[in-house]
Amino acid sequence: MQRQHAPYRADVVGSFLRPDAIKEARAKFASGEIDAGQLRAVENDAIRQVVEQQCACGLHVVTDGEFRRAWWHFDFFDGLQGVERYDSNQGIQFNGVQTKAHGVRVTGKLGFGDHPMLEDFRYLKSISGNAQPKMTIPSPSVLHFRGGRKDIDATVYPELDAYFDDLATTWRDAIHAFYEAGCRYLQLDDTVWAYLCSDDQRRQIKARGDDADQLARTYARVLNKALEGKPDDLTIGLHVCRGNFRSTWISEGGYEPVAEVLFGSVNVDAFFLEYDNDRSGDFAPLRFVRPGKQQVVLGLITTKNGELENPEGVKARLEEAAQYVAKEQICLSPQCGFASTEEGNTLTETQQWDKVRLVTQIADEVW
């Protein structure tokens, strides 16, 4: 049966391809031709349109497409207390391509104050009509994992236990701040759990002096502390991603290495899981999802290319997953956003919306 509240049987991860109007306005803003207010007005118009398009595809949930961001994560980190952006020696290495060279480091006590994305959410809520507005922010583990110990000022945090405590508290404060702003559906985007599934990434983690299994336990503890006191009418999802930049990826490997810790102990309401190709492994790790407790939103529709999936093939995979987790606990979505960074993936806007309509069509037929 269909669900009347989040997550929905047909759901989305968050980002959409940036329209030309936004790209042009950003270029003009960067060159000083327009000011921040004029840029925001262009963004507002584009966000209104992307909300209308989501609703036209049959979705009951809408996002702002992450249209105000250049990155899915750095823009959020920029608004935190104690965090600063810097130009790194090299970008993040994806499969055959690198991002722009940015990093973040912790230079002071972590905290969440009057974050600019609170106002971004308020605007989305004001134009979402009868649809449920969903806010997406990075997960706390993402702030720690990329740089690790070297990007945390040792004079501020000589011991990492205090850092992880503050990390959890900062996200708990963020969760409550978005709730106060009217948010009832929040998604935490997390690439780190997928890195912990990758043999190659696990070797790199060991080489830098960390233990992948210990990190998994630490991140689970941080997430659960951040979720303490969560209001009952707030739905929080965790999206696990193997990397999404210009249709490429970073990690590969099934969920088995983290499944028991992640599915068995992290107290989110829903797991958004990439399952669009062989890099994601099989459905067996879903056996650790707690019965009746959480929804599993399966990302069976890829955002990496514009080729439309066969609906019957997707339905067959949903049945396969139902061998490990109850069908009433399953929902469907694209495997990731269409533009985790402003560059976007290699497909057209028409193909993007065809994919979203396919999600709603299949969900209607299955449930």
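The name given to the protein in an unreviewed UniProt entry is Cobalamin-independent methionine synthase II family protein, with the source organism recorded as Lelliottia nimipressuralis.

Colleague: Can you lay out the nonpolar core for me, pointing to particular residues and giving the numbers?
Modeller: Ranked by size, the top nonpolar core spans 115 residues in total, and within it W193 and L286 carry the most contacts. Take this core: its biggest share by element is 10 residues, from helix α6 (residues 160–180). Apart from residues no more than four positions distant in its own chain, W193 is found in contact with A216, Y219, A220, L223, L238, V240, V258, V261, L262 and V266.

Colleague: Before we move on, could you go through the packing of aromatic side chains and cite the residues and values that matter?
Modeller: Taken as a whole and assessed by the stated rule, the structure comprises 14 aromatic pairs. Their ring planes at 15 degrees and their centres at 5.8 Å tell us that F16 and F338 sit as a pair that is stacked. One end of the pair, F16, is in the segment before α1 (20–30); the other, F338, is in the loop between β10 (330–334) and α12 (349–366), with 322 residues separating them in the sequence. Assigned by exposure class, F16 and F338 land together as buried. Ring centres 6.5 Å apart and planes at 65 degrees place the aromatic pair F76 and F77 in the edge-to-face group. By relative accessible area, which is 0% here, F76 ends up buried. Judged by relative accessible area, which is 1%, F77 ranks as buried. Through a chain of ring-to-ring contacts, three or more aromatic side chains come together here, namely F76, F77, F112, W171 and F178. Positioned over the ring face of Y86 is R105, at 4.2 Å from the centre of the ring.

Each value, and the rule that gives it
Residues numbered from 1 in each chain as written. Predicted model: local features only at pLDDT ≥ 70, side-chain atom pairs only at ≥ 80, totals over all residues. Heavy atoms only, no water. Core = buried A, V, L, I, M, F, W, Y, C linked by side-chain atoms within 4.5 Å. Buried < 20%, exposed > 50% of the residue type's maximum accessible area, 1.4 Å probe, protein only. Helix = DSSP H or I, 4+ residues; strand = E, 2+ residues; numbered from the N terminus. Contact = heavy atoms within 4.5 Å. Phe/Tyr/Trp six-rings, centres within 6.5 Å; stacked < 30°, edge-to-face > 60°. Lys NZ or Arg CZ within 6 Å of the ring centre and 35° of its normal.

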